[in-house]
Amino acid sequence: MKIHDSAPAVRPRAGEDDLDASVRLLREVHEHDGYPLSWPEHPAAWITPPTHLGAWVAELDGRIVGHVGVAGPREHDGAPGVWSARTGADAAATAMVNRLYVSPSARGHGIGALLLAAAVAATRERGLHPVLDVAAHDTAATALYERLGWHRLDTVVQHWGPHGPVAVHCYAATAPRPA
């Protein structure tokens, strides 16, 4: 494991330089892990979907090593509808945590957990409940979410273009404790 000179820090993604670095990092993760399953035609647009509410990056030793986004629910998302059916609340009361990825060389420093915490905090500040979808075959991601207390609501099938049907786990963050 590489020794790092500093602790990881999470901050809002800002400007074209951060977006470009996030796309380069996405390419690194795609080549190492196969995430995303298909390389997007427009990767900058993919990490900034139309319902984008915000994004954060993690830095370690002066370079961006992680990314996470939050977006409003879209029609094809599974978790908002499943959460709505379970709670009786409107699916519009959710926000999708998405585009979470960490450089393979920076793993093991809690960066995924830090990014997820930033996304959850920002979602809750908006009065929304954080939910997410994750491919069932992504066991590392599901292990992270479950270790951090996220609850698997259901597994649904989504159609991902040329990949056809893909099993997707729908998760919801644990409800905040009363103050």
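Since this is a predicted model, take the numbers as computed values, not measurements.

As for helix α4 (residues 111-125)
Its 15 residues give α4 an end-to-end C-alpha distance of 21 Å, which sits within 8% of 21 Å, the value for a rise of 1.5 Å per residue. Those residues of α4 not exposed but buried are Ile111, Gly112, Leu115, Leu116, Ala118, Ala119, Val120, Ala122 and Thr123. Packing partners of the buried residues in α4 comprise β1 (9-12), β2 (52-60), β3 (63-71), β4 (94-102), β5 (129-135) and α5 (139-147). Just downstream of α4 lies Gly127, where phi reads positive at about 75°.

Some points on the nonpolar core
As a rule of thumb, soluble globular proteins bury nonpolar side chains together. Within the largest apolar cluster, 27 residues are counted, with the highest numbers of intra-cluster contacts made by Ile111, Leu115, Tyr145 and Trp150. Of all the elements in the fold, those that place two or more residues in this core are β2, β3, β4, α4, β5 and α5. Per element, the largest residue contribution to this core is 7 residues, and it comes from α4. In this structure Ile111 touches Pro8, Ala58, Leu60, Val65, Gly66, Val102 and Ala106, once residues within four positions along its chain are discounted.

A short note on the layout of surface pockets
Here the largest pocket defines a volume of roughly 1,300 Å³. In terms of lining, the largest pocket is formed by 47 residues, of which the most central are Tyr35, Trp46, Leu100, Val134 and Asp138. Sorting the residues of the lining of the largest pocket by element identifies α1 (15-33), β4, α4, β5, α5 and β6 (151-159) as the ones contributing at least two each. For the lining of the largest pocket, the element with the most residues is β4, which contributes 7 residues. For the lining of the largest pocket, a count of residues per class yields 25 nonpolar, 14 polar and 8 charged.

Conventions used here
- Residues numbered from 1 in each chain as written.
- Predicted model: local features only at pLDDT ≥ 70, side-chain atom pairs only at ≥ 80, totals over all residues.
- Heavy atoms only, no water.
- Helix = DSSP H or I, 4+ residues; strand = E, 2+ residues; numbered from the N terminus.
- Expected span 1.5 Å × (residues − 1).
- Buried < 20%, exposed > 50% of the residue type's maximum accessible area, 1.4 Å probe, protein only.
- Contact = heavy atoms within 4.5 Å.
- Core = buried A, V, L, I, M, F, W, Y, C linked by side-chain atoms within 4.5 Å.
- 1 Å grid on protein atoms, 1.4 Å probe; cavity = no way out; pocket = protein on both sides within 12 Å on 5 of 7 lines; lining within 4 Å.
- Points joined across faces, edges and corners; volume = space filled by probe spheres on them.
- Nonpolar A, V, L, I, M, F, W, Y, C, P; charged D, E, K, R; others polar.

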